[in-house]
Amino acid sequence: MNEVPESATVVVIGAGPAGLTVANLLRGCGIDCVVLERRSREYVTRRQRAGIVESRAVRMFESWGLADLVLAGPPHDGILEFRVDGESHLVVDSDGSEGSGARLCPQQVLVEKLTAAHLAAGGDLRYEAADVSLHDLTGDRPTVRYRSADGTPHAITCAFVAGCDGDHGVTRSAVPDGVLTAHAFDHGIGWLTVLADAPPPAHPLLAVSPQGFAAHFPRGPHSSRYYLQCPPGERPDAWPDARVWDALRTRLGDPELTAGPITDRETFALRSLVHDPMQYGRLFLVGDAAHIVSPMGGKGMNLALHDADVFARAVRDHVRDHDDTALRTYSQRCLRRVWSDQEFSHWLTRTVHDAGDDTRSGPFLRNLARARLDRLFTSPAAGRAFAELMAGLDPGRPCPPPTDR
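So, how was this worked out
- Residues numbered from 1 in each chain as written.
- Predicted model: local features only at pLDDT ≥ 70, side-chain atom pairs only at ≥ 80, totals over all residues.
- Heavy atoms only, no water.
- Axes fitted to C-alpha atoms, helices over the stretch in contact; angles between N-to-C directions.
- Helix = DSSP H or I, 4+ residues; strand = E, 2+ residues; numbered from the N terminus.
- Parallel < 35°, antiparallel > 145°, perpendicular 65-115°, else oblique.
- Left-handed = near helix turned anticlockwise from the far one by under 90°.
- Contact = heavy atoms within 4.5 Å.
- Nonpolar A, V, L, I, M, F, W, Y, C, P; charged D, E, K, R; others polar.
- Polar contact = N/O pair within 3.5 Å; in protein donor to acceptor, adjacent residues only side chain to side chain.
- Salt bridge = Lys/Arg side-chain N within 4 Å of Asp/Glu carboxyl O.
- Buried < 20%, exposed > 50% of the residue type's maximum accessible area, 1.4 Å probe, protein only.
- Pairing = 2+ DSSP bridges.
- Phe/Tyr/Trp six-rings, centres within 6.5 Å; stacked < 30°, edge-to-face > 60°.
- Lys NZ or Arg CZ within 6 Å of the ring centre and 35° of its normal.
- Expected span 1.5 Å × (residues − 1).

Caption draft 1: Summary view of the packing of helix 8 (residues 300–321) against helix 10 (residues 330–354). Orientation of helix 8 relative to helix 10, taken along the N-to-C sense of each, is 165 degrees, at an axis distance of 10 Å. As summarised for this structure, helix 8 and helix 10 are arranged roughly antiparallel, according to the angle between their axes. For the pair helix 8 and helix 10, the crossing hand works out as right-handed. Between helix 8 and helix 10, the contacting residues are Leu303, His306, Asp307, Val310 and Phe311 on the first element and Tyr330, Arg333, Cys334, Arg337, Val338 and Asp341 on the second. Among the residues forming the contact of helix 8 with helix 10, the class breakdown is six nonpolar, one polar and four charged.

Right under this line is the structure:
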């Protein structure tokens with residue numbers, strides 16, 4: 001077949017939260033883009049992942065006039081429960097900023113809303129795009145080639161490529177060896193994650209016990225997501241239903257925990273990864289294509305939304321004002337936030353795991369972790385710092401002056 005030539009200002013590769021947010025923000029600026037996704041729409045909109053859109057990201061959507069269109073689910077009440085050896089401690093995880101707070105919005109719901117908003121505005125979204133390849137990324141007009149679902153080859157010339165296709169996508173692999181530095185860290189911790197048709201908790205719950213870490217999060221009015229610490233590399237079939245519910249009841253300190261049908265389970269290793277820089281020529285890496293963060297703290301999807309916002313504003317400045325300052329500093333600005341969230345996620349990951357089963361960390365680190373938790377539960381200053389980081393601290397923004405006492 002003859003190749004179909006096309007052109008666009010931006011080609012967005014990947015139709016997850018990062019790519020669809022980029023597409024919606026660009027359309028809000030009147031900037032044309034084409035979104036390519038190798039999977040089907042059904043697969044993308046059913047993919048279960050994160051569940052909380054932090055308050056900074058909510059305010060970002062509000063600033064673009066998109067909050068009412070793309071956010072669903074009830075507001076998060078700003079309370080996080082820690083349960084240590086069965087004893088409950090409620091911690092405020094809202095920083096008290098003016099404006100809307102975090103929202104309980106599962107990733108698949110956000111993706112569905114972003115997809116609908118983009119298509120309703122006349123957006124160009126193409127699923128089942130195969131054999132995607134990137135060319136001439138350091139030139140003025142890169143080219144993205146792919147085959148559509150019917151096998152037709154296409155070649156799209158563009159000004160910029162947004163790589164939003166995740167950790168194993170084609171965009172980062174298009175960067176020559178030696179350009180990016182990968183900073184990787186293996187936490188040495190495994191998790192079993194379980195989705196079940198069971199009542200959600202009153203508040204998102206993190207539990208520490210000698211048997212290991214566990215967590216319980218809402219995923220809808222009648223469904224829950226659970227997490228259980230397990231040995232790295234363990235297979236999901238090592239956790240039949242009875243073992244899952246027995247472990248949850250023990251670690252959550254809730255012998256009467258209501259069970260329900262388990263609809264999904266998987267195991268994975270906790271790891272962190274940062275690629276520096278996040279751009280190469282006209283290619284800009286957004287979200288998981290540039291960084292992976294331990295799920296503790298719920299920062300992965302929210303970092304992707306932050307990257308998308310920074311990138312869209314940079315392209316807007318280029319198109320509208322012929323100002324490339326934000327494009328040149330994209331990587332620097334994003335990575336400052338990335339490392340801040342990586343540090344917080346690492347701190348929280350080590351704390352809740354070291355404070356429980358000490359067979360790996362030892363009693364010294366266990367007692368240090370318990371001291372950190374005690375400080376969080378008893379110190380107003382520690383609580384405020386924790387809430388600020390949970391809400392989505394924006395590094396580089398000056399802090400307000402202290403109020404008079």
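Caption draft 2: Representation of the side chain of threonine 193. Tracing the backbone through its elements, the reader meets threonine 193 in strand 11 (residues 181–196). In this structure the side chain of threonine 193 is engaged in a polar contact, spanning 3.0 Å, whose partner is the side chain of arginine 225. Each residue touching threonine 193, except ones within four places of it in the same chain, is listed here: Arg225, Tyr226, Tyr227, Asp264, Arg265, Glu266 and Phe268.

Caption draft 3: A look at the pattern of salt bridges. Evaluation of the coordinates by the stated rule reveals 20 salt bridges. For the salt bridge of glutamate 6 with arginine 126, the shortest nitrogen-to-oxygen distance reads 2.7 Å. Of this pair, glutamate 6 sits in strand 1 (residues 4–13) while arginine 126 is found in strand 7 (residues 124–126), placing the two residues 120 residues apart along the sequence. Taking the relative accessible area as the measure of exposure, glutamate 6 reaches 23% and is therefore partly exposed. For aspartate 167, the salt bridge goes to arginine 271, with nearest N and O atoms at 2.5 Å. Of the two residues, aspartate 167 is situated in the loop between strand 10 (153–163) and helix 6 (170–173) and arginine 271 in strand 15 (residues 262–276); the sequence distance between them amounts to 104 residues. Taking relative accessible area as the criterion, aspartate 167 reaches 13% and is therefore assigned buried. A cluster of three or more residues bridged by salt bridges with shared partners is formed by Glu54, Lys299, Arg337 and Asp341.

Caption draft 4: The arrangement of the pairing of strand 15 in detail. Here strand 11 pairs with strand 15 via 13 bridges, running antiparallel. Counted as the bridge partner of alanine 184 is leucine 273 from strand 15. For strand 15 and strand 18 (residues 291–292), the ladder comprises two bridges, and the chain directions are antiparallel. Across the sheet, leucine 273 pairs through a bridge with isoleucine 292, a residue of strand 18.

Caption draft 5: Region of the structure containing the packing of aromatic side chains. This structure, assessed with the given rule, holds 14 aromatic pairs. Relative to tryptophan 245, the ring of tyrosine 226 has its centre 5.3 Å away and its plane inclined at 80 degrees; by these criteria the two rings are edge-to-face. Of this pair, tyrosine 226 sits in strand 14 (residues 224–230) while tryptophan 245 sits in helix 7 (residues 241–251); the two residues are 19 residues apart in sequence, bridging distant segments of the chain. Of the two residues examined, tyrosine 226 and tryptophan 245, each falls in the buried class. Taken together, a centroid distance of 6.4 Å and an interplanar angle of 55 degrees make the contact between tryptophan 347 and phenylalanine 386 tilted. Residue tryptophan 347 is located in helix 10, and its partner phenylalanine 386 is located in helix 12 (residues 380–391); the two are separated by 39 residues in the primary sequence. Connected via pairs of aromatic rings, a cluster forms that spans Phe82, Phe344, Trp347, Phe377 and Phe386. Its end group placed over the ring of tyrosine 43, arginine 39 keeps NZ or CZ at 4.2 Å from the ring centre. Over the ring of tryptophan 239 we find arginine 243; its NZ or CZ atom is 3.7 Å from the centre of that ring.

Caption draft 6: Geometry of helix 1 (residues 17–28). Taking 1.5 Å per residue, 12 residues should reach 16 Å; helix 1 reaches 16 Å between its end C-alpha atoms and fits that length. Most of helix 1 sits inside the fold, with 10 of its 12 residues counted as buried. Looking at helix 1, one finds that the buried residues are Pro17, Ala18, Gly19, Leu20, Thr21, Val22, Ala23, Asn24, Leu25 and Leu26. Following helix 1 by one or two positions, glycine 30 has its phi on the positive side, about 80 degrees.

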